[in-house]
Amino acid sequence: MPRINLADTVGPDVRVLIGQDRGVAVRAAMHLDELDNSQTSVEFVIPETLRTLTPSFVQGFFSNSVHRLGESGFFAHYKFDARPHIVSDIHAGIDRILTSRHLAGVD
Amino acid sequence: MIAEWLNNFATNTVPYLFSYVAPLFTNWTPANWIAFGTGAASFGLGIRNSRKAAKGERQKNKREEFHRRVATPIELALSQFGSINDDLYDLRDGSSLADATAIDAIEKRSKRAQRKLSKELRWAANSNLCGIVGWDIGAAEYDELIEHLDGMRNAQTFAEQAQEIDGALSALDRHDRLIREKIRSELAEYT
């Protein structure tokens, strides 16, 4: 399984990642559109220094992936080597992405 | 065969039935007609009132369900942010720079509150108890809160930190108002 280190893109000392625009920029820099289509699962390594990912960052970062793969498909495709509170931040962001019936698959 | 049956029904059966029913009315006195009219009007009013009561009951049930399943869970999440508000006021009313541990504790609680809030907003948007749009609210204000908490850590003086705390309090206040306003508007529009 390929391992992608977030620190390689955002720097090793990053403490907080905030904002949808920044999420979109990091997504583009990490070529997530290509990774979404990868045949194997991908593991993200989140630096220990990171304290918070805000939901808006996660929206910018993962919105297209969740839209493409669906929620369960997303968590099957992407794994996270991260502290529990960061994984919780990611879930909060995914909830925000799915705060829409269309994306949530309700309608 | 059907045409024959219909013809027989129209020429024989109808006059036969009418011959029994008509005398009931032709012999009625004005008092009978008044009683009949009063009864019919009461019957109509009864149906209307019962429909009105049923509609009122349905609306009341919908409101109660909205409060129980949408508004209350969101308000509970907001109350967690409320306790962060109190801690920020305590830090601002202090006389020295807050240490990183105190700020970390506030940030951890805000993350837990955000996790709960996001889950409840998602639930609300995907339920059939209210509208589907505009539930992704407060994200920008939460971003501001996190930025100010980070600013508090970097503050070199108490005054700098107080400024960051004021920013955080303002973000929390706007965050709270936006979400409560959303609940009120959904309640008014859909229940």
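Refer to the preceding data block for the structure.
Reference entry: report on the structure contained in this document. This is a predicted model, so every value here is computed, not measured. (Residues numbered from 1 in each chain as written. Chains lettered and ligands numbered in written order. Predicted model: local features only at pLDDT ≥ 70, side-chain atom pairs only at ≥ 80, totals over all residues. Heavy atoms only, no water.)

A separate point is the overall build of chain A. The number of helices and strands found in chain A is seven helices and five strands. Secondary structure elements of chain A occur, N-terminal to C-terminal, as β-α-β-α-α-β-β-α-α-β-α-α. A globule of 107 residues ought to have a C-alpha radius of gyration of about 13 Å, and chain A, at 13 Å, matches this closely. Each principal axis of the C-alpha atoms in chain A carries an extent, and together these give about 40 × 30 × 25 Å. For chain A, the residues scored as buried account for 50% of the 107 residues in total. Summing over all exposed atoms, chain A offers an accessible surface of approximately 4,800 Å²; the carbon and sulfur share of this is 50%. One finds the centroid of the 10 positive side-chain charges in chain A at a distance of 4 Å from the centroid of its 13 negative side-chain charges. (Helix = DSSP H or I, 4+ residues; strand = E, 2+ residues; numbered from the N terminus. Rg over C-alpha atoms; globule rule 2.2 N^0.38 Å. Buried < 20%, exposed > 50% of the residue type's maximum accessible area, 1.4 Å probe, protein only. Areas by Shrake-Rupley, 256 points an atom, 1.4 Å probe, with all protein chains shown as cover. Lys, Arg positive; Asp, Glu negative; His and termini not counted. Charge placed at Lys NZ, Arg CZ, Asp CG, Glu CD.)

Here we come to unusual backbone geometry. With phi around 55°, histidine 31 of chain A is a residue other than glycine that occupies positive phi space. Mapped onto the fold, histidine 31 of chain A is located in the loop between α2 (20-29) and α3 (32-36).

Per the counting criterion, the structure on display carries 27 salt bridges over all chains. Here arginine 3 of chain A ties to aspartate 81 of chain A by a salt bridge, and the two come within 3.4 Å at their closest N and O atoms. Remark: aspartate 81 of chain A occurs in strand β5 (residues 78-81) and arginine 3 of chain A occurs in strand β1 (residues 3-5); sequence separation between them is 78 residues. Of the charged contacts, one joins lysine 116 of chain B and glutamate 120 of chain B as a salt bridge, the two residues approaching to 3.3 Å between their closest N and O atoms. Taken together, the positions of lysine 116 of chain B and glutamate 120 of chain B, both in helix α3 (residues 100-126) and four residues apart, correspond to about one turn of that helix. The class for glutamate 120 of chain B is buried, based on a relative accessible area of 16%. Through salt bridges with shared partners, a single ionic network connects Arg15 and Arg51 of chain A together with Asp104, Glu107, Asp150 and Arg153 of chain B. (Salt bridge = Lys/Arg side-chain N within 4 Å of Asp/Glu carboxyl O.)

Before going further, it helps to examine the side chain of arginine 153 of chain B. The topology assignment puts arginine 153 of chain B in helix α4 (residues 139-154). Each residue touching arginine 153 of chain B, except ones within four places of it in the same chain, is listed here: Arg51 of chain A together with Ile103, Asp104 and Glu107 of chain B. (Contact = heavy atoms within 4.5 Å.)

Taken together, the contact between chain B and chain A spans 27 residues of the former and 25 residues of the latter. Surface buried jointly by chain B and chain A totals about 2,200 Å² across both partners, of which 44% is contributed by carbon and sulfur atoms. If you sort the residues of chain B by the area they bury against chain A, Lys111, Arg115 and Arg122 of chain B come out on top, with a joint share of 29%. On inspection of chain B and its partner chain A, the count reaches eight salt bridges. One salt bridge in this structure joins arginine 115 of chain B and aspartate 95 of chain A, with 2.7 Å as the shortest N-O distance. The tally of links between chain B and chain A comes to 18 residue pairs in polar contact (both at pLDDT 80 or more). Counting only elements with at least two residues in the side of chain B that touches chain A, the list comes to α3 and α4 of chain B. The element best represented in the side of chain B that touches chain A is α3 of chain B, accounting for 12 residues. Its residues assigned to classes, the side of chain B that touches chain A shows 10 nonpolar, six polar and 11 charged. (Buried area = accessible area lost by both parts, 1.4 Å probe. Polar contact = N/O pair within 3.5 Å; in protein donor to acceptor, adjacent residues only side chain to side chain. Nonpolar A, V, L, I, M, F, W, Y, C, P; charged D, E, K, R; others polar.)

Now for the pairing of β5 of chain A. Residues and elements named next belong to chain A. A one-sided burial pattern is seen for β5, the buried positions being Tyr78 and Phe80 and the unburied ones Lys79 and Asp81. Where strand β3 (residues 42-45) and β5 come together, four bridges link them in parallel fashion. Considered in β5, the bridge of valine 45 is made with aspartate 81. (Pairing = 2+ DSSP bridges.)

What follows concerns the packing of α3 of chain B against α4 of chain B. All names here are of chain B. Where α3 contacts α4, the two axes come as close as 10 Å, and the packing angle between them is 170°. When the interaxial angle is binned, α3 and α4 end up roughly antiparallel. Across the interface between the two elements, Ile103, Asp104, Ile106, Glu107, Ser110, Lys111 and Gln114 of α3 pack against Tyr142, Leu145, Ile146, Leu149, Met152 and Arg153 of α4. Here the contact of α3 with α4 is built from residues that sort into seven nonpolar, two polar and four charged. (Axes fitted to C-alpha atoms, helices over the stretch in contact; angles between N-to-C directions. Parallel < 35°, antiparallel > 145°, perpendicular 65-115°, else oblique.)

Here glutamate 147 of chain B is to be found in helix α4. Each C-alpha atom of the pair glutamate 147 of chain B and glycine 167 of chain B lies 9.2 Å from the other, and the pair is 20 residues apart in sequence.

Our next topic: the packing of aromatic side chains. The final tally for this structure, using the stated rule, is 15 aromatic pairs over all chains. Centre to centre, the rings of phenylalanine 44 of chain A and tyrosine 78 of chain A are 5.4 Å apart; their planes meet at 35°, and the pair counts as tilted. With phenylalanine 44 of chain A in strand β3 and tyrosine 78 of chain A in strand β5, the pair connects residues that are 34 residues apart, well separated along the chain. Just as phenylalanine 44 of chain A is buried, tyrosine 78 of chain A falls in that class too. Taking 4.4 Å as the distance between ring centres and 45° as the angle between the ring planes, the aromatic pair formed by phenylalanine 61 of chain A and phenylalanine 62 of chain A counts as tilted. Per residue, the accessibility class of phenylalanine 61 of chain A equals that of phenylalanine 62 of chain A, and both read buried. Three or more aromatic residues joined by ring pairs form one cluster here, namely Phe44, Phe57, Phe61, Phe62, Phe74, Phe75, Tyr78 and Phe80 of chain A. Stacked on the ring of tryptophan 135 of chain B, the Lys or Arg lysine 182 of chain B has its end atom at 5.0 Å from the ring centre. (Phe/Tyr/Trp six-rings, centres within 6.5 Å; stacked < 30°, edge-to-face > 60°. Lys NZ or Arg CZ within 6 Å of the ring centre and 35° of its normal.)

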